[in-house]
Each structure stands twice: as structure tokens, then as C-alpha cells.
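# Inside the fold
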Amino acid sequence: MKRDEYAFALDPNLPKPLVCKIRDIFADPDTMLQRRVCLAGWVHHWRMDGKRLAFMDLRDGTGFLQCVLTNELCMTYDALTLCREASVRVWGSLQRDARAKSGLELQADYWELVAPSTPEIEMALTHESNPDILLNHRHLVIRGRQSSMILRLRSLITQCFREHYFDRGYVELAPPTIVNTMCEGGSTLFKLDYFGSDAYLTQSSQMYLETAIPAVGDCFCILPSYRAEKSSTRRHLAEFHHIEAEMPFINFENLLNAIEDLVCDVISRLLDKAGDLVRELNPAVAVPQRPFRRMTYADAIAYCREHDIYKDEENKVHFEFGDDIPERPERLMTDQIGEPILLTHFPVSLKAFYMQPCVDQPDLTESVDVLLPGVGEIIGGSMRMWRYEELMQAYAREMMDPQSYYWYTDQRKFGSCPHGGYGLGLERFCCYVLDVKHVREVCLYPRYRGRLSP
Ligand code: 4AD
């Protein structure tokens, strides 16, 4: 059969169509029911029912709509050889149909193939495909209903963060992500050759934000950060999106309140914008109750000891004050408690060099981690060392060369002030809100140890 053997013509007597997106149809179905429309998208699913009837689930990036093709519309060469994921344009009128998933369907009066797909598409991925095959074919996986919905919601969540900050008067900045300093310790730095000099991919934009508070006041950035993480857990990536903020002239209590405000306001904005969509993934989603439970690091050590959460599970070794609480026990504790926790006052020895020691207990820091059930730590923050001498001592303690940090130190020379801030991992936040298990699933193309493609 040749391509145009069954060609059929667009009827010039039909009303001029409204070229629109599927989202426009669901935004105002009553008006759209009166109109003839033209949609463009991809064949998400295609089913012939006998010779004269076919159902096409159309996906256009804004939604899904069932299109019904009858008679000669499904008897053409293009219809008979149509494969899933082909791109098409469809013209027709909308009608209500209780049998369609969305309650609406498009009765097509014309359609055309924009570009074909091939039967290979059915072999690329199956229900049995293992996670590695799925990740190798992530470019196809993201076309799926659930994955595309997650990408859409991640975009909305990012928008809510920006709206939160702009509403609260913050300025967005764009610090460089190729740097020659470290912020969170040398063990997770990615090194690269920068025109013959050593450089690193940034671990955090915090220090640059700190230098900008005398220029713009409260500020934030949403940029990738990089960690050469050896551990491959469901919450660790080598490249993640870091939402960071810095605020001058605040105290520790102000910092904790700003963090609570951020988490609650962003979830509330998201539910206002797309509550129904979010609930499809996470029916139990809710804005957390404020104030969040506050626990000191010392409380957490005591909690683990009292609740048989061990440092060494096999040999039943308890945590001692001064031990780092790794991911697993931290998650066990958070999941048992079952609500957001502001975990504060970590020992100096466990935290980054720049954290402000507590006035009354200088071996502790004004630091905070936010722990959420199901995910664990999503935010790390602190008050920053703001006195020159103290910072110089911290460089010496950590054996860091102050020369590379002159621009950071200068802030303590020229009009220092108490200040603080935090960083939030966007992927972990998305996992929490959308009840997704693995950070990989909320990334377009995740980067973690062992994966660099696609
Ligand atoms: O606790 P972290 O390491 O803090 C900082 O980088 C600070 N300099 C931030 C600041 O104060 N401006 O990282 C902050 C958050 C973590 O709580 C986590 O959500 C996320 O960044 N994060 C990661 N997310 C995914 N994969 C990784 N490997 C991550 N490392 C940190």
C-alpha cells in the first residue's frame, strides 16, 4: 500500500479550528465543548477497534486526551502503520464521554502524521525492564505519564520557591559553579583542569551569597551543586539542585523560623497551584504543622540510645556524644518520630569550618539540619562565623590556606554582621512532597556514581 492511497482531505466547510493545548481544554471545558480545535502532540497509546474505529491517547506535554478516529480516518496508510510515540496533529470537536478517563474526548474529523515512530518503541521498554535499562532509556521513560508528571511538578515546585523568596523580598543571584575553594570539605570535591589551573565544581554557593549580603541584603540562588559522593543511596546525587539563602542581621532563632516558613509556604503554594496533581502522587500530602519539633544533637544521641538505634547494628554498639549520625539511623529516628525535625547544635568537630560556635558552649555550633519523614535530611544551615579572628582560627584548625579565601575573609574586615543561611536539596524536597522514593526519579537525567549517560 502506498502512502497516499487512502489519503482524505481536510473538509474546507468545517469551522476554522482553535489551535490550542490540551491544558486549555481542561481549563475551560464548557467553552471548549462549543469549539472545533486542532491539537499537536505524540501518540501515547493507539488502539484499533475493528476496521473503522480507533482510539488515540494524545499527549502534548500539557496533558492527555483521548481522540476517537472513525471510518476513513483510520483506514489510511498512516493509520494502519501508526506506532506509539509518532507525532501527529488532530482536528476535531470535543464531547463529553463518561468512558474516557478524563470525561472528555475529541471526535476527530481530520488528522495528519507529522513524523512517524517505529515498532522498536515496543521493545525498548517493557514492564520487566530493570532499573538500569530504564535509566539507559530515560529519554523515553520521561514520556511516561508518571515521569512526565513528576518533571512538571518539579518545575512548579521550583517556581514556588522563587515566588516564596520574591514575596519575602529576597534577590536572586547567580554565583559561579566553577570555583577554586571548597565549602563542605575536600572529600567530595570534583576536580577539573581550568586552563592549566586546578578548579572544582562547587559544593555550595553559600560563601558567595555571604559576600553579597552587604550588596543586596537577603538573597538566594537555585543552582546545581556537585558532590563526588562515594555512597550510592536513594538520596545522594553527584549533581543536585541546591536552593540556598543567606540573611544579614539575624539570630539563630530567626534562621529557624525562616526555614519553617520556607518549607510550609512552598508546600502551601504548591497545593494552591496544583493540589489535585500532587495528590495523584501523594494522597497524604499536607502542609506540616508549625512550629516543627526541635531537637538538639545531644537529644538525638539520647533518642537513639533509648530507642535501640545503633551506631553498629550488628554488634549493638550505641552512639556516643561526638559521633556522626549517618543516614540510616537518622532516617530510622525521623521515621519513628514521624514529623519534621529541626535538629540543632551539632559539635564543632562534625560541621563545616564556617559555622558559628554557640556563645555559652563553644564546642557546639549554631547549626541546623531539617529532617523529614521518608527522606531524612533536606536542609543544612547555620549561623556563620562573622568575626575575623575566629574565622582565621578556623582556617588554621582545618589546615586551609586563607589566601584562597581572601574574598570571604574580607567580609569580616569590612563591616561584618551576624548572618546565617541554609541550603536545601531540591530533589530531596521533591521526593518528600511527591512521595517519590528515589532522588533519581525526580531528575531529568540523574548524575550519580556510575552514571553519566544519557
Ligand atoms: O548540608 P549541606 O552539605 O550544606 C551545605 O552545603 C551548606 N553550605 C548549605 C548552606 O548553608 N547554604 O547540603 C545542604 C542540602 C542537604 O541538606 C541536602 O538536602 C542537599 O543539600 N544535598 C544533597 N542532595 C542530593 N545529593 C547530595 N549528594 C547532596 N548533598 C547535599
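Residues numbered from 1 in each chain as written. Predicted model: local features only at pLDDT ≥ 70, side-chain atom pairs only at ≥ 80, totals over all residues. Heavy atoms only, no water.

### Comments concerning the environment of Leu-135
Convention followed: Helix and strand definitions here come from DSSP, where helices need a minimum of 4 consecutive H or I residues and strands a minimum of 2 consecutive E residues; each element is numbered from the N-terminal end. Contacts were defined at the residue level, with two residues in contact if any of their heavy atoms lie within 4.5 Å.
Note that Leu-135 resides in helix α5 (residues 131-136). Separated by 305 residues in the primary sequence, Leu-135 and Arg-440 place their C-alpha atoms 9.0 Å from one another. Other than its neighbours up to four places away in sequence, Leu-135 contacts Arg-440, Pro-446, Tyr-448, Arg-451, Ser-453 and Pro-454.

### Some words on the sheet that holds strand β15 (residues 367-372)
Using the following cut-off: If DSSP finds at least two bridges between two strands, the strands pair. Axes here refer to lines fitted to C-alpha atoms; in helices the fit is confined to the stretch in contact. Angles between the N-to-C directions go from 0 to 180 degrees.
Taken together, the eight strands give an open sheet; going across it, the order is β7-β11-β12-β17-β16-β15-β14-β13, and neighbouring strands pair in mixed fashion. Looking at strand neighbours, the two that pair on one side only are β7 (171-172) and β13 (293-296), the edges of this open sheet. Note: β15 against strand β16 (residues 376-383), six bridges, orientation antiparallel. Residue pairing across strands places Leu-372 opposite Gly-376, the latter belonging to β16. The strands touched by helix α8 (residues 206-216) within the sheet are β7, β11 (219-226), β12 (239-248) and β17 (419-425), with β12 carrying the most contacts at an inclination of about 35 degrees.

### Quick word on the UniProt feature "domain: Aminoacyl-transfer RNA synthetases class-II family profile" (unreviewed entry) in the protein chain
Going by this rule: UniProt positions are given in the numbering used here, feature names are shortened, and annotations may be inferred rather than shown by experiment.
The sites that carry the UniProt feature "domain: Aminoacyl-transfer RNA synthetases class-II family profile" (unreviewed entry) are, in the present numbering, residues 151-454. In the segment residues 151-454, helix accounts for 35% and strand for 20%; the C-alpha atoms at its two ends are 17 Å apart.

### A look at the pairing of strand β3 (residues 53-59)
We count it as follows: Only protein chains enter the calculation, and the probe is 1.4 Å; a residue is then buried if its accessible area is under 20% of its type maximum, exposed if over 50%, and partly exposed in between.
Extensive coverage of β3 is indicated by the burial of six of its seven residues. Sheet topology places strand β2 (residues 36-48) next to β3; six bridges connect them, and they run antiparallel. Bridge pairing in β3 links Trp-42 to Arg-59. With antiparallel pairing between neighbouring strands as the criterion, β2 and β3 make up a hairpin whose turn holds four residues, including Gly-50 at a positive phi of roughly 80 degrees. Where β3 meets strand β4 (residues 64-70), seven bridges bridge the pair, whose relative direction is antiparallel. Paired with Met-56 across the strands is Cys-67, a residue of β4. The antiparallel hairpin formed by β3 and β4 contains four residues in its connecting segment, where Gly-61 sits at a positive phi of about 90 degrees.

### Things to note about the nonpolar core
Filter applied, for reference: Nonpolar cores were defined as sets of buried Ala, Val, Leu, Ile, Met, Phe, Trp, Tyr and Cys residues, with membership established by side-chain atoms within 4.5 Å.
Residues Phe-161, Phe-429 and Leu-434 are the most contacted members of the largest nonpolar core, which totals 55 residues. Of all the secondary-structure elements, those providing two or more residues to this core are α7 (145-167), β11, β12, α9 (252-281), β15, β16, β17 and α14 (426-434). The element that contributes the greatest number of residues to this core is α9, accounting for 15 residues. When sequence neighbours within four positions are dropped, the list of residues in contact with Phe-429 reads Ile-157, Phe-161, Val-263, Val-266, Ile-267, Ile-378 and Leu-424. Core analysis: the next-biggest nonpolar cluster, separate from the first, contains 27 residues, Val-37, Leu-39, Cys-74 and Leu-82 among them.

### Notes on the domain arrangement of the protein chain
Put simply, the rule reads: Each domain span listed reflects an automatic or database assignment of domains. Buried area adds together the accessible area that both of two parts lose upon being put together, with accessible area traced by a 1.4 Å probe. Basic side-chain nitrogens of Lys or Arg form a salt bridge, by our definition, when they fall within 4 Å of a carboxyl oxygen of Asp or Glu.
According to the domain assignment, the protein chain consists of domain 1 (18-121) and domain 2 (137-434). Taking only C-alpha atoms into account, the centre of domain 1 sits 45 Å from that of domain 2. On the domain 2 side, the residues contacting the nine residues of domain 1 number six residues. Between domain 1 and domain 2 the total buried area reaches about 620 Å² when both faces are included, carbon and sulfur atoms providing 45% of it. A per-residue breakdown of the area domain 1 buries against domain 2 is headed by His-44, Arg-59 and Phe-64, which together make up 46% of the total. For the pair domain 1 and domain 2, the number of links is one salt bridge.

### Considering the sheet that holds strand β9 (residues 190-194)
Taking strand neighbours across the sheet as the criterion, the three strands line up as β8-β10-β9 in an open arrangement whose pairing is antiparallel. The sheet terminates laterally at β8 (178-179) and β9, the two strands that pair on one side only. Here two bridges tie β8 to strand β10 (residues 197-201), and the two strands are oriented antiparallel to one another. Considered in β10, the bridge of Val-179 is made with Tyr-200.

### Considering the packing of α8 against helix α13 (residues 406-413)
For clarity, the threshold we go by: Each crossing is labelled by how the near helix is turned from the far one, with a counterclockwise turn of less than a right angle marking it left-handed and a clockwise turn marking it right-handed. Classification used: nonpolar for Ala, Val, Leu, Ile, Met, Phe, Trp, Tyr, Cys and Pro, charged for Asp, Glu, Lys and Arg, polar for all others including Gly.
For the pair α8 and α13, the least separation of the axes is 10 Å and the interaxial angle reads 35 degrees. Here α8 and α13 pass one another in a crossing that is left-handed. The segment α8 lies against α13, with Gln-206, Met-207, Tyr-208, Glu-210, Thr-211, Ile-213 and Pro-214 engaging Trp-407, Tyr-408, Gln-411 and Arg-412. Taken together, the residues of the contact of α8 with α13 sort by class into six nonpolar, three polar and two charged.

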